Amino acid sequence: MSDFIIEPDIIVRDNEARIADIKADYDHLGAQLARSGIDIENVKAKVSAYGVAVPSWGVGTGGTRFARFPGTGEPRNIFDKIEDCSVIQQLTKATPTVSLHIPWDKVDDLKGLKEKGNALGLGFDAMNSNTFSDAPDQAHSYKFGSLSHADAATRQQAVDHNLECIEIGKALGSKALTVWIGDGSNFPGQSNFTKSFERYLEAMKAIYKGLPDDWKIFSEHKMFEPAFYSTVVQDWGTNYLIAQELGPKAHCLVDLGHHAPNVNIEMIVARLIQFKKLGGFHFNDLEIWR
Ligand SMILES: [Mn+2]
């Protein structure tokens, strides 16, 4: 038995049955592109260099805040999850890394986790912190915010959690931290927009200070949810301000599902590329959470 869930031979045999048709189609496409002056080999090189990190929370039965109906054979922990991720990589060859969410994926045996990743041919991409829900043992609740909370001790707890995510990531070979907060308000007058954003920036600067030189930090915007009136990091404009304020290691993460209807996301992406602040994407489809 190899470490792989699907025996590699099975995939090879399956590919063999299809290779003649694929080669014919590929040759035809190559001839078509050549007529337009495009070398298919250049396209192929770019496509094969492209990789998507699978979010660890994407395996297993999904769900919303309303309900979740688990199926059999669901991953129980991060070791099970990366096995599932390895199946996706085995079948697509386009997902060579996994993105972890802490504390959901927290383990004592980081060395063992890294070795398991190596054995499955998987690396570890951006770490994700969670200050949008309360962990069982935490001292301060995030009910009224985290990095932008009016209480300094709560903000510090959220900063410390992000610093811990960096430490875990360092042990696994990750090079980035993604920060999404659920901070916001539900009624007009409930929070001071300026002060809460000032507190957020101050907290993010403290996290940025703990970021290794070869790391990046991605801030993710989301127009609403869970707060219904205002959100601290609500759109790409605010996100760009954050990246500018923090410095060269800071970039904006664009979740395709976190925009208002009719917003031209392609334009947002173009602007962020132009000013060298595009960090990456979350490939969500609709306005669903995360
Ligand atoms: Mn997201």
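What counts as what
- Residues numbered from 1 in each chain as written.
- Predicted model: local features only at pLDDT ≥ 70, side-chain atom pairs only at ≥ 80, totals over all residues.
- Helix = DSSP H or I, 4+ residues; strand = E, 2+ residues; numbered from the N terminus.
- Rg over C-alpha atoms; globule rule 2.2 N^0.38 Å.
- Buried ≥ 20, exposed ≤ 12 C-beta atoms within 10 Å, placed from the backbone.
- Expected span 1.5 Å × (residues − 1).
- Arc of directions from axis to C-beta.
- Contact = placed C-beta atoms within 7 Å.
- Domains from an automatic or database assignment.
- Nonpolar A, V, L, I, M, F, W, Y, C, P; charged D, E, K, R; others polar.
- Axes fitted to C-alpha atoms, helices over the stretch in contact; angles between N-to-C directions.
- Parallel < 35°, antiparallel > 145°, perpendicular 65-115°, else oblique.
- Left-handed = near helix turned anticlockwise from the far one by under 90°.
- Pairing = 2+ DSSP bridges.
- Core = buried A, V, L, I, M, F, W, Y, C linked by C-beta atoms within 7 Å.

S.K.: Got a minute to help me understand the overall build of the protein chain in this structure?
M.R.: The helix and strand tally for the protein chain stands at 8 helices and 10 strands. Against the globule reference of 19 Å for 290 residues, the protein chain gives a C-alpha radius of gyration of 21 Å, in line with a compact fold. The C-alpha extent of the protein chain, read off along each of the three principal axes, is 65 × 50 × 40 Å. Expressed as a percentage of its 290 residues, the buried residues of the protein chain come to 29%.

S.K.: Looking at this structure, I do not really get helix α3 (residues 78–92). What am I missing?
M.R.: An α-helical turn contains 3.6 residues, so a residue and the one three or four places further along point in the same direction. Taking 1.5 Å of rise per residue, 15 residues should cover 21 Å, and α3 covers 21 Å from first to last C-alpha, within 8% of that figure. Within the span of α3, buried status applies to Ile78, Lys81, Ile82, Cys85, Ser86 and Gln89. Along α3, the residues classed as buried sweep out an arc of 145 degrees about the axis, all on the same side. Buried-residue contacts for α3 involve β1 (53–55), β2 (97–99) and α4 (110–119). At the exit of α3 stands Lys93, carrying a positive phi of roughly 55 degrees.

S.K.: What am I meant to see in the environment of Pro55 here?
M.R.: Counting through the fold element by element, Pro55 comes out in strand β1. Residue Pro55 is classed as buried on the basis of its 20 C-beta neighbours within 10 Å.

S.K.: Sorry if this is basic, but what is going on with the domain arrangement of the protein chain here?
M.R.: Where interface size is quoted, it is often the accessible area lost as the parts come together. Assigned domains within the protein chain: domain 1 (1–50) and domain 2 (52–282). Placing the centre of domain 1 and that of domain 2 at their C-alpha centroids yields a distance of 33 Å. With 6 residues of domain 1 at the interface, the matching set in domain 2 holds 7 residues. Looking at side-chain class alone, the side of domain 1 that touches domain 2 contains 5 nonpolar, no polar and 1 charged residues.

S.K.: Any chance you could explain the packing of α4 against helix α5 (residues 152–172) here in plain terms?
M.R.: To describe two helices that pack against each other, one gives the angle between their axes and the distance between the axes. The geometry of α4 relative to α5 is characterised by a closest axis approach of 9 Å and an angle of 50 degrees between their N-to-C directions. Classified by the angle their axes make, α4 and α5 are oblique. As α4 runs across α5, the sense of the crossing is right-handed. In this structure, α4 contributes Leu110, Leu113 and Lys114 to the contact, and α5 contributes Ile168, Ala171 and Leu172. For the contact of α4 with α5, the class distribution of residues is 5 nonpolar, no polar and 1 charged.

S.K.: How should the sheet that holds β2 be read in this particular structure?
M.R.: Across a sheet, paired strands are connected by hydrogen bonds in the backbone, their directions being either parallel or antiparallel. Read across the open sheet, the 3 strands follow the order β1-β2-β3; overall the sheet is parallel. The sheet is open, and its two edges are formed by β1 and β3 (123–124), each paired on a single side.

S.K.: Can you help me understand the sheet that holds strand β10 (residues 278–282) in this one?
M.R.: What the 5 strands build is an open sheet, ordered β4-β5-β7-β9-β10; its pairing is parallel. Only two strands of the sheet have a single partner each, and these edge strands are β4 (127–128) and β10. Pairing geometry for strand β9 (residues 250–255) and β10, over 4 bridges, is parallel. Pairing of Val254 across the sheet is with Phe281, part of β10. Lying over the sheet, helix α8 (residues 265–274) contacts β9 and β10, oriented at roughly 170 degrees with respect to β9.

S.K.: Honestly, the nonpolar core in this entry has me stumped. Any pointers?
M.R.: The tendency in soluble globular proteins is for nonpolar side chains to be buried as a group. Core analysis: the largest hydrophobic core is formed by 42 residues, its most contacted members being Val98, Met127, Leu177, Ala203 and Ile217. For Ile217, the residues in contact, after removing those within four places along its chain, are Leu177, Val179, Ile207, Tyr208, Leu211, Leu246, Lys249 and Ala250.

S.K.: Can you walk me through the packing of α3 against α4 in this structure?
M.R.: Their axes nearest at 10 Å, the elements α3 and α4 cross at an angle of 15 degrees. As summarised for this structure, α3 and α4 are arranged roughly parallel, according to the angle between their axes. The handedness of the crossing between α3 and α4 is right-handed. Here Ile78, Phe79 and Ile82 of α3 lie close against α4, whose contacting residues are Leu113, Lys116 and Gly117. Class assignment of the residues belonging to the contact of α3 with α4 gives a composition of 4 nonpolar, 1 polar and 1 charged.

S.K.: Just to check I follow, could you spell out unusual backbone geometry for this structure?
M.R.: With an omega of 15 degrees, the peptide bond running from Ile102 to Pro103 counts as cis. The omega torsion of the bond from Glu225 to Pro226 falls at 5 degrees, within 30 degrees of zero and hence cis. Along the polypeptide, Pro226 turns up in the loop between β7 (216–220) and β8 (230–231). One non-glycine residue, Glu225, adopts positive backbone phi at about 85 degrees. Among the structural elements, Glu225 can be located in the loop between β7 and β8. Given 16 C-beta atoms within 10 Å, Glu225 falls into the partly exposed group. You will see that Asn262, though not glycine, has its phi angle at about 75 degrees, which is positive. Mapped onto the fold, Asn262 is located in the loop between β9 and α8.

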